[in-house]
Amino acid sequence: MSNTLKKVLIVLGVVGLMVGSRFIAGMDEIPPISIAPEVVFRVAGYPVTNSLLLTLLADVLLVGLAFVATRKLRNGEGLVPRGLQNFAEMSVEGIYNLCRSVDRRNVDRFFAIAATIFFFVLFSNWLALLPGMGSIGVCRTHEQALVNPVHLEEQPVESPLEGAAPGEHTAEEHAAGPCGVDDEGHELVLVPLFRSPSADLNMTLALALISFFVTEYFGFKAFGLGYLGKFFNFKEGPIMAGVGILELISEFVRIIAFTFRLFGNIFAGEVVLLVMAFLLPWLLPLPFYGFEVFVGFIQAFIFMILTVAFIAMALTPHHPHGEVHEHPTPS
Amino acid sequence: MENLGINVQLLISQIINFGLLAFLLYKFLYNPILNALNERTRRIQESIENAEQVKQQLQRARQDYDAQLAEARREAQSIIAQATERAKAQEQELVAEARERVARMEAEARERLEQERQQLLRNLQSEIADLVTRTASVVVRQQLDPKVHQKLIEESIQQLGRMN
């Protein structure tokens, strides 16, 4: 009886704490959510975005880890693996075996690309979950933070309208952040220093394009112009011709599917975390963080395994009299 | 496109970045590790083969050893058998020889005995004859009767013959 009472009290206490955190540490308003990455600073007109910064951080970390992990191996020692090397070998071997199970013959040709996709996406996803990645930033005006600065050149021209603009802006974005207003009265927003590259369409589109072109490259390299026979197949009746055209379309749809699958999952995860932190800052975001760790891994894995599967399909000989190609729709 | 934040410069940067990253990781991660894995596989295979070889050698050595042992045992047995046989033959020889010698000795002894007896007999006969003659002469001197004389001689000779 008293045991049950204790449990009830603990649960009530935790719930009370969670709800209380809304008042103790709660935000007044959800910070602005931007689909596009924000520019932290510009180098000669080149926009250095927060997602680009995290990309570089992931690069440095990955190459650094790889460098440290294989130092002994590159010196011709270390046949008995230890510590970090052991872990690196396990990961690489695991991915290698996975790729080999998909296409035994050509695994060495596409392995580097597949594994790099996996490691890069995984690191960029997980690094973005570290504390401070979305919250530490610099204050910029809206125009400065825009990736495609449509009005950047016009800004000086706009400045005479300053009198009307600040009032409008402050009304619109009353509690945008702790940055306040700059000298000219423009509303300042907090631009986080780091943003997950996967929540930036530039990166996901880049990976999708690489995946697409690599797939087509292998296809053409293996079969020459005969590779096109898979798509323009008019010798086997109208059904096969239609299937070929569908394959051609799906080949290009893959780019969009790749792009938005990764972007959507990671971006949505960030929004969910933000909303949960806004609703009840304590404890509530925790399970979602765990879930985002899982999503970050699974998306990296999916991107890699689909690329491998598509490359393997492109390298499969096309049977003129065979059955219709199995074509899993990416989901 | 622009509202989504897609920017050609950033897109190209990301593509170049990926290419560079792939190259660096290939150089520093995949290549060394895959080489090491292959090398390790090779070494393990080699050592397994070596172990197999050593095992075979050991087996061969043991077989050799067993064969030699069996050979030695067989030889020993044959030597023992030969020795036994020889001993038996020798024993028989010895026994036969002993028996022969005994027989010879017996025969010799018997012959000598016979000779001695003959000698004795001869001596005895002559002695008896002598004795008889002397006795006879003594008797004759006292009472000489030719008939009695003759009779006495015959009796004596008969007695001698019976004794013989």
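Since the structure is predicted, the reported quantities are computational estimates derived from the model, not experimental observations.

1. Concerning the overall build of chain A
Here is step 1: Per the secondary structure count, chain A includes eleven helices and four strands.
Here is step 2: Expressed as a percentage of its 331 residues, the buried residues of chain A come to 40%.
Here is step 3: A separation of at least 24 residues holds for 75% of the contacts in chain A among residues at least 6 apart in sequence.

2. Section: helix 5 (residues 107-127) of chain A
Here is step 1: Spanning 21 residues, helix 5 of chain A covers 29 Å between terminal C-alpha atoms, matching the ideal 30 Å at 1.5 Å per step.
Here is step 2: Summarising burial for helix 5 of chain A: 17 of the 21 residues are buried, a large majority.

3. Digging into the side chain of D200 of chain A
Here is step 1: With respect to the helices, strands and loops of the structure, D200 of chain A is situated in the loop between strand 4 (188-192) and helix 9 (201-223).
Here is step 2: Of the side chains with opposite charge, R195 of chain A lies nearest to the buried D200 of chain A, which makes no salt bridge, at 6.0 Å.
Here is step 3: Here the side chain of D200 of chain A touches N202 of chain A through a polar contact of 2.9 Å, landing on its backbone nitrogen.
Here is step 4: Aside from chain neighbours lying at most four places away, what touches D200 of chain A is P37, T49, S51 and F263 of chain A together with Q14 of chain B.

4. What about the interface of chain A and chain B?
Often, the extent of an interface is quoted as the loss of accessible area on bringing the components together.
Here is step 1: Each partner contributes residues to the interface: chain A has 46 residues there, and chain B has 31 residues.
Here is step 2: For the pair chain A and chain B, the summed buried area comes to about 3,500 Å², and 75% of that belongs to carbon and sulfur atoms.
Here is step 3: When residues of chain A are sorted by the area they lose upon contact with chain B, L79, N148 and N202 of chain A head the list and together hold 18% of the total.
Here is step 4: A salt bridge links E89 of chain A to R40 of chain B; its shortest N-O distance comes to 2.8 Å.
Here is step 5: Our count for the contact surface shared by chain A and chain B stands at eight residue pairs in polar contact (both at pLDDT 80 or more).
Here is step 6: Among the secondary structure elements, those contributing two or more residues to the side of chain A that touches chain B are strand 2 (46-49), helix 2 (50-69), helix 3 (71-74), helix 4 (83-102), helix 5 and helix 9 of chain A.

5. Considerations on the pattern of salt bridges
All names here are of chain B.
Here is step 1: A complete count under the given rule lists eleven salt bridges over all chains for this structure.
Here is step 2: Between R74 and E71 there is a salt bridge, with the nearest N and O atoms lying 3.4 Å from each other. Separated by three residues within a single helix, R74 and E71 lie in helix 1 (residues 8-142), roughly one turn from each other.
Here is step 3: Look at R74 and you get exposed, because its relative accessible area is 51%.
Here is step 4: What makes E71 partly exposed here is its relative accessible area of 39%.
Here is step 5: Residues participating in the shared-partner salt-bridge network are E39, R42, R43 and E46.

6. Describing the nonpolar core
Here is step 1: In this structure, F111 and F119 of chain A together with L29 and Y30 of chain B are the most contacted members of the largest nonpolar core, which totals 69 residues.
Here is step 2: Mapped onto this core, the elements with two or more residues apiece are helix 2, helix 4, helix 5, helix 9, helix 10 (237-279) and helix 11 (285-315) of chain A together with helix 1 of chain B.
Here is step 3: Setting aside chain neighbours within four positions, we find Y30 of chain B in contact with V92, F111, A112, A115, T116 and F119 of chain A together with L25 and N35 of chain B.

7. Section: the packing of helix 5 of chain A against helix 9 of chain A
Helix packing for two helices is described by the angle between their axes and how far apart those axes are.
All names here are of chain A.
Here is step 1: For the pair helix 5 and helix 9, the least separation of the axes is 12 Å and the interaxial angle reads 170°. Accordingly, the angle class assigned to the pair helix 5 and helix 9 is roughly antiparallel. Of the residues in helix 9, those touching helix 5 at R109, F110, I113, F120, V121 and S124 are M203, L207, V214, F218 and K221.
Here is step 2: Here the residues of the contact of helix 5 with helix 9 sort into eight nonpolar, one polar and two charged.

8. Notes on the confidence of the model for chain A
All names here are of chain A.
Here is step 1: When pLDDT is averaged across chain A, the result is 83; 86% of the residues are at 70 or more.
Here is step 2: Model confidence for chain A, summarised as mean pLDDT per element, is weakest for helix 8 (residues 165-172) at 42 and strongest for helix 11 at 94.
Here is step 3: This stretch, residues 152-176, has a pLDDT under 50; its non-local contacts, to residues over four places away or in other chains, come to 15 contacts.
Here is step 4: Across residues 321-331 the pLDDT falls below 50, and counting only partners more than four positions away or on other chains, this stretch makes 18 contacts in the model.

9. Observations concerning the pairing of strand 2 of chain A
When a strand is regular, its side chains alternate between the sheet's two faces.
Residues and elements named next belong to chain A.
Here is step 1: Pairing analysis gives four bridges linking strand 1 (residues 39-43) to strand 2, with the strands arranged antiparallel. The partner of F41 across the bridge, within strand 2, is V48.
Here is step 2: Hairpin connection from strand 1 to strand 2: two residues lie between these consecutive antiparallel strands, with A44 at a positive phi of about 50°.

10. Notes on helix 10 of chain A
Here is step 1: Taking 1.5 Å per residue, 43 residues should reach 63 Å; helix 10 of chain A reaches 59 Å between its end C-alpha atoms and fits that length.
Here is step 2: The largest bend along helix 10 of chain A reaches roughly 30° and is located at V253 of chain A.

11. Digging into unusual backbone geometry
Note: most peptide bonds trans; most residues except glycine with negative phi.
Here is step 1: Positive phi, normally seen in glycine, also occurs at A44 of chain A, with a value near 50°.
Here is step 2: Tracing the backbone shows A44 of chain A in the loop between strand 1 and strand 2.

12. A look at the packing of aromatic side chains
Residues and elements named next belong to chain A.
Here is step 1: Enumeration over the complete set of coordinates arrives at 17 aromatic pairs over all chains.
Here is step 2: Summarising the aromatic geometry, the rings of F260 and F263 are spaced 6.4 Å apart at their centres and angled 90° between planes, so their arrangement reads as edge-to-face. Placement of the pair is F260 and F263 together in helix 10, with a separation of three residues, close to one helical turn.
Here is step 3: Exposure remark for F263: the relative accessible area of 7% places this residue in the buried category.
Here is step 4: Across from the ring centre of F278, 4.9 Å away, lies the NZ or CZ of R22, which sits over that ring.

13. Focus on the packing of helix 2 of chain A against helix 4 of chain A
Residue and element names in this part refer to chain A.
Here is step 1: Where helix 2 contacts helix 4, the axes come no closer than 8 Å and their chain directions differ by 115°. The angle between the axes of helix 2 and helix 4 places the two elements in the roughly perpendicular class. In this structure, helix 2 meets helix 4 at a crossing whose hand is left-handed. Of helix 4, the residues touching helix 2 (which contributes L65, V68 and A69) are L84, Q85 and A88.
Here is step 2: Considered class by class, the residues forming the contact of helix 2 with helix 4 number five nonpolar, one polar and no charged.

14. Here we look at a positive patch on the surface
Here is step 1: A cluster of basic residues, R71, K72, R74 and R82 of chain A together with K27 of chain B, forms a positive patch at the surface.
Here is step 2: Mapped onto the secondary structure, R71 of chain A falls in helix 3.
Here is step 3: The exposure class assigned to R71 of chain A is partly exposed, which follows from its relative accessible area of 49%.

Basis of the calculations
- Residues numbered from 1 in each chain as written.
- Chains lettered and ligands numbered in written order.
- Predicted model: local features only at pLDDT ≥ 70, side-chain atom pairs only at ≥ 80, totals over all residues.
- Heavy atoms only, no water.
- Helix = DSSP H or I, 4+ residues; strand = E, 2+ residues; numbered from the N terminus.
- Buried < 20%, exposed > 50% of the residue type's maximum accessible area, 1.4 Å probe, protein only.
- Contact = heavy atoms within 4.5 Å.
- Expected span 1.5 Å × (residues − 1).
- Lys, Arg positive; Asp, Glu negative; His and termini not counted.
- Salt bridge = Lys/Arg side-chain N within 4 Å of Asp/Glu carboxyl O.
- Polar contact = N/O pair within 3.5 Å; in protein donor to acceptor, adjacent residues only side chain to side chain.
- Buried area = accessible area lost by both parts, 1.4 Å probe.
- Core = buried A, V, L, I, M, F, W, Y, C linked by side-chain atoms within 4.5 Å.
- Axes fitted to C-alpha atoms, helices over the stretch in contact; angles between N-to-C directions.
- Parallel < 35°, antiparallel > 145°, perpendicular 65-115°, else oblique.
- Nonpolar A, V, L, I, M, F, W, Y, C, P; charged D, E, K, R; others polar.
- pLDDT = per-residue confidence, 0-100.
- Pairing = 2+ DSSP bridges.
- Bend = angle between axes of the 7 residues up to and from the residue.
- Phe/Tyr/Trp six-rings, centres within 6.5 Å; stacked < 30°, edge-to-face > 60°.
- Lys NZ or Arg CZ within 6 Å of the ring centre and 35° of its normal.
- Left-handed = near helix turned anticlockwise from the far one by under 90°.
- Patch = residues over 30% accessible without salt bridge, like charges linked within 9 Å, V, L, I, M, F, W, Y side chains within 5 Å.
- Areas by Shrake-Rupley, 256 points an atom, 1.4 Å probe, with all protein chains shown as cover.
- Charge placed at Lys NZ, Arg CZ, Asp CG, Glu CD.

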